[in-house]
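Observations on chain architecture
This is what each chain is made of:
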Amino acid sequence: MSSDRSKDVTPPPLPAPLAVPVADSHTHLDMQSGTVEEGLAKAASVGVTTVVQVGCDVNGSRWAADTAAAHPNVHATVALHPNEAPRIVLGDPDGWSRQGERSAGRDAALDEALAEIDRLAALPHVKGVGETGLDHFRTGPEGIAAQERSFRAHIEIAKRHGKALVIHDRDAHADVLRILKEEGAPERTVFHCYSGDAEMARICAENGYFMSFAGNVTFKNAQPLRDALVAAPRELVLVETDAPFLTPAPYRGRPNAPYLVPVTLRAMAAVKGLDEDTLAAAISANTARAFDY
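My aim in this report is to walk through the structure given alongside it, one point at a time. (Residues numbered from 1 in each chain as written. Predicted model: local features only at pLDDT ≥ 70, side-chain atom pairs only at ≥ 80, totals over all residues. Heavy atoms only, no water.)

From N to C terminus, the protein chain includes 11 helices and eight strands. Computed over the C-alpha atoms, the radius of gyration of the protein chain is 18 Å, within 12% of the 19 Å expected from 2.2 N^0.38 for a compact globule of 293 residues. The C-alpha extent of the protein chain, read off along each of the three principal axes, is 50 × 40 × 40 Å. Here the protein chain holds 293 residues, and the buried ones make up 54% of them. Sequence separation of 24 or more characterises 71% of the internal contacts of the protein chain that already satisfy a separation of 6 or more. (Helix = DSSP H or I, 4+ residues; strand = E, 2+ residues; numbered from the N terminus. Rg over C-alpha atoms; globule rule 2.2 N^0.38 Å. Buried < 20%, exposed > 50% of the residue type's maximum accessible area, 1.4 Å probe, protein only. Contact = heavy atoms within 4.5 Å.)

Structure (structure tokens):
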């Protein structure tokens, strides 16, 4: 990403509306500019009529649950992000997490945070537990134990409440798949911002895991992701923004939002050799099935 491009905070233009409405399976409305109502209206104007608002820490998860309770077209997921678990346990004295300094709370603090996620997961408008999983990119080896303990706890919470499990997997494919196998995956498991290759897509398909593709599938250097999309069965494919991150080409580096789902969906349809209405109809049904709404 060029430094010039990364400074462009102009929202990309509205894409042509989709004829078949779809859902953004993973977004962070709390990190986007403007009000929730404005963001939802803009998305709906181009056929993105449903969004899944994802929690990454205790406060964000409470916000997601409250927002879903207030808006019928918003569904919530609640969790401690994989990088949040080590922050809670080990603290953040030197700011590595970019979340401000924090003192170490040890395992007791993680238990307390997980108890609140468990409480929120029981709410009817909370449709998933996530994003949880493993991130070997941002957390060093000393944080792996906290991440794994948190991930296993989230799997158990999702199963006990009958909710979808939303996975964040960064540079940790083998370990994520191993822990899912060891714990037994929930009935509905979603790999958010799918980042594996075609071989991993086949493994996910064998296990019935959903694969949600974000704007990075449009990036020039993302051929392995496009190969994975080709390998992923149509009935297990979702689309997401992960907004405000991962804005699709040609708007990479500018702020992302749910209204840009059509840009990614059209690129995905081209990769899969489907017309956009066919793919949109499949994704719409898949997302409702994945999150049980």
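This brings us to the packing of aromatic side chains. Under the definition given, this model contains two aromatic pairs. Relative to Tyr 209, the ring of Phe 191 lies with its centre 5.8 Å away and its plane at 35°, an arrangement referred to as tilted. Separated by 18 residues along the polypeptide, Phe 191 in strand S6 (residues 189–191) and Tyr 209 in the loop between helix H8 (198–207) and strand S7 (210–213) bring together distant segments of the chain. Neither Phe 191 nor Tyr 209 differs from the other in exposure class; each is buried. A centroid spacing of 5.4 Å and a plane angle of 45° characterise the contact between Tyr 194 and Phe 213, whose relative ring orientation is tilted. Taken together, the positions of Tyr 194 in the loop between S6 and H8 and Phe 213 in strand S7 put the pair 19 residues apart, joining distant regions of the chain. (Phe/Tyr/Trp six-rings, centres within 6.5 Å; stacked < 30°, edge-to-face > 60°.)

Spacing of three or four residues puts side chains on the same side of an α-helix, whose turn is 3.6 residues. The end-to-end C-alpha distance of helix H3 (residues 58–70), which contains 13 residues, comes to 19 Å, matching closely the 18 Å that a straight helix rising 1.5 Å per residue would cover. Taken as a whole, H3 has its buried residues at Val 58, Gly 60, Ser 61, Ala 64, Ala 65, Thr 67 and Ala 68. Along its buried surface, H3 packs onto helix H2 (36–45), strand S2 (48–54), strand S3 (74–78), helix H5 (106–121) and strand S4 (126–135). N-capping of H3 is provided by Asp 57, with a side-chain oxygen placed 3.4 Å from the backbone N of Asn 59. (Expected span 1.5 Å × (residues − 1). Polar contact = N/O pair within 3.5 Å; in protein donor to acceptor, adjacent residues only side chain to side chain.)

Let us look at the sheet that holds S7. Pairing in this open sheet of eight strands is parallel, and the strands run S1-S2-S3-S4-S5-S6-S7-S8 from one edge to the other. Two strands bound the open sheet, and with one partner strand each, they are strand S1 (22–27) and strand S8 (237–239). The mean inter-strand angle of the sheet, taken between neighbouring strand axes irrespective of direction, is 30°. The pairing of S1 with S2 spans four bridges and is classified as parallel. For Thr 27, the partnering residue across the bridge sits in S2 and is Gln 53. Helix-sheet contacts for helix H6 (residues 144–161) involve S4 and strand S5 (164–170), and the interaxial angle to S4 is about 160°. (Pairing = 2+ DSSP bridges. Axes fitted to C-alpha atoms, helices over the stretch in contact; angles between N-to-C directions.)

The next thing to look at is the nonpolar core. Phe 151, Leu 180, Phe 191, Tyr 194, Phe 213 and Met 268 are the most contacted members of the largest nonpolar core, which has 81 residues in total. Once residues lying within four places of it in the same chain are set aside, the contact partners of Phe 191 are Ile 167, Asp 169, Val 176, Leu 177, Leu 180, Met 200, Cys 204, Tyr 209, Phe 210, Met 211 and Ser 212. (Core = buried A, V, L, I, M, F, W, Y, C linked by side-chain atoms within 4.5 Å.)

Now for the pattern of salt bridges. Inspection of the entire model under this criterion finds 16 salt bridges. Arg 178 is paired through a salt bridge with Glu 148; the nearest N and O atoms lie 3.0 Å apart. With Arg 178 in helix H7 (residues 173–183) and Glu 148 in helix H6, the pair connects residues that are 30 residues apart, well separated along the chain. On the basis of relative accessible area, Glu 148 is assigned to the buried category, the value being 16%. Here the residues in one salt-bridge network are Glu 148, Arg 152, Asp 175, Arg 178, Glu 182 and Glu 183, joined through shared partners. (Salt bridge = Lys/Arg side-chain N within 4 Å of Asp/Glu carboxyl O.)

For the rest of this paragraph, the subject is the pairing of S2. Within S2, six of the seven residues are buried, which leaves it mostly tucked inside the rest of the structure. Between the parallel elements S1 and S2, the chain passes through H2 in a crossover that is right-handed. The pairing of S2 with S3 spans four bridges and is classified as parallel. Each bridged residue has a counterpart across the sheet, and for Val 52 the counterpart in S3 is His 75. One crossover worth recording links S2 to the parallel S3 by way of H3, and it is right-handed. (Right-handed = clockwise from strand over helix to strand, strands pointing away.)

As a packed pair, helix H9 (residues 223–231) and helix H10 (residues 261–272) sit with axes 9 Å apart at the nearest point and diverge in direction by 70°. Our classification of the angle between H9 and H10 gives roughly perpendicular. Here H9 runs over H10; the crossing is right-handed. Judged by residue contacts, Arg 226, Leu 229 and Val 230 of H9 engage Met 268, Val 271 and Lys 272 from H10. Split by residue class, the contact of H9 with H10 holds four nonpolar, no polar and two charged. (Parallel < 35°, antiparallel > 145°, perpendicular 65-115°, else oblique. Left-handed = near helix turned anticlockwise from the far one by under 90°. Nonpolar A, V, L, I, M, F, W, Y, C, P; charged D, E, K, R; others polar.)

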